[in-house]
Amino acid sequence: MKIVVLAGGLSPERNVSLSSGTMIAEALRSRGHRAALVDLYFGLEDYNGPTEAYFDAPLSGAGRRVQREAPDLEQVRASRKWKDTSAIGPGVLDLCKKADVVYLGLHGACGEDGRIQAALDLLGVPYT
């Protein structure tokens, strides 16, 4: 299966989400799935290849460890190259539409308030 693991986002729980998302994507790949780990907020802003190939892009091991301090969300916003006010980064929804299912590894308001679920519902994309 092709699975998008959505993690990160703009939440004080961003670091936990990236860590769990990394481990989820690694576990899915170990079971033979094509799992794409995507930071909801940054999306594919640093990826230049074909969207379909992102399912096989290398996973960063940086997310395995949870940082003890909550992220400075203003600093996260400032580090985004794509200067847009959207909470969803470039290419995220297009990648989700190519997946068989989206695994929601988001924590905090980004993944627990129903907004992402509503967007996926409107697109007809199945999710966990």
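All residue numbers refer to positions counted from 1 along the written sequence of the respective chain. Predicted model: local features are reported for residues with pLDDT of at least 70 only, side-chain atom pairs are reported and counted for 80 or more only, and whole-chain, interface and lining totals are derived from all residues. As a rule here, side-chain values come from all non-hydrogen atoms in the structure, and water together with hydrogens is ignored.

Chemist: Just to check I follow, could you spell out the overall build of the protein chain for this structure?
Modeler: Helical segments are the DSSP runs of H or I of at least four residues, strand segments are the runs of E of at least two, and each set is numbered from the N terminus. When you go through the protein chain residue by residue, the secondary structure sums to five helices and three strands. Going from N to C terminus, the protein chain has its helices and strands arranged as β-α-β-α-α-β-α-α. Radius of gyration here is computed from C-alpha atoms only, and the compact-globule reference equals 2.2 Å multiplied by the residue count raised to the power 0.38. On C-alpha atoms alone, the protein chain measures out to a radius of gyration of 13 Å, which is about the 14 Å that the 2.2 N^0.38 rule sets for 128 residues. Dimensions of the protein chain along its principal axes, counting C-alpha atoms only, are 35 × 30 × 30 Å. Burial classification: accessible surface area is computed with a 1.4 Å probe over protein chains only, and a residue below 20% of its type maximum counts as buried, one above 50% as exposed, and the rest as partly exposed. For the protein chain, with 128 residues in total, the buried portion stands at 45%. Surface accessibility follows the Shrake-Rupley procedure with a 1.4 Å probe radius. Residue values consider only the protein chains on display as shielding. For the protein chain, the exposed surface amounts to about 7,000 Å²; the carbon and sulfur share of it is 52%. Residues scored as positive are Lys and Arg, those scored as negative are Asp and Glu, and His as well as the terminal groups of each chain are ignored. Where a charge lies is defined by one atom per residue type, namely NZ (Lys), CZ (Arg), CG (Asp) and CD (Glu). Put simply, the protein chain has 15 plus and 16 minus side-chain charges, and the middle of one group is 4 Å from the middle of the other.

Chemist: Just to check I follow, could you spell out the sheet that holds strand S3 (residues 101-104) for this structure?
Modeler: Sheet strands associate in pairs through backbone hydrogen bonding, adopting either a parallel or an antiparallel arrangement. Strand pairing follows a simple DSSP-based rule, namely that at least 2 bridges must link the two strands. Taking strand neighbours across the sheet as the criterion, the three strands line up as S2-S1-S3 in an open arrangement whose pairing is parallel. At either end of the open sheet lies a strand with only one pairing partner, and these are strand S2 (34-39) and S3. When strand polarity is set aside, the average angle formed by the axes of neighbouring strands in this sheet is 25°. Bridge count for strand S1 (residues 2-7) against S3 is four bridges, and the pairing is parallel. Looking across to S3, one finds that Ile3 is bridged to Val101. Axis definition: a line fitted to C-alpha atoms, limited for helices to the stretch in contact. Angles are taken between N-to-C directions and run from 0 to 180 degrees.

Chemist: In this structure, what is going on with the pattern of salt bridges? I would like to understand it.
Modeler: Close approach of charged atoms allows side chains with opposite charge to pair. When a carboxyl oxygen of Asp or Glu lies within 4 Å of a side-chain nitrogen of Lys or Arg, that pair is called a salt bridge. Tallied over the full model, the rule gives eight salt bridges. One network of salt bridges, with partners in common, ties together Lys2, Arg34, Glu52 and Asp56.

Chemist: Quick question: what am I supposed to make of the environment of Glu112 here?
Modeler: In this fold, Glu112 is placed in helix H4 (residues 109-112). Along the primary structure Glu112 and Pro71 are separated by 41 residues, whereas in three dimensions their C-alpha atoms are 18 Å apart. The contacts of Glu112, once residues within four sequence positions are left out, are Leu106 and His107. Whether two residues touch is decided by their heavy atoms; if any such pair falls within 4.5 Å, the residues are in contact.

Chemist: Please explain the side chain of Ser17 as it appears in this structure.
Modeler: Along the polypeptide, Ser17 turns up in helix H1 (residues 14-30). Polar contacts here mean pairs of N or O atoms no more than 3.5 Å apart (in protein, one a potential hydrogen donor and the other a potential acceptor; neighbouring residues in sequence count only if both atoms are side-chain atoms). Separated by 2.6 Å, the side chain of Ser17 and the backbone oxygen of Gly105 make a polar contact. Residue contacts for Ser17: discarding those within four places in its chain leaves Ala7, Gly8, Gly105, Leu106 and His107.

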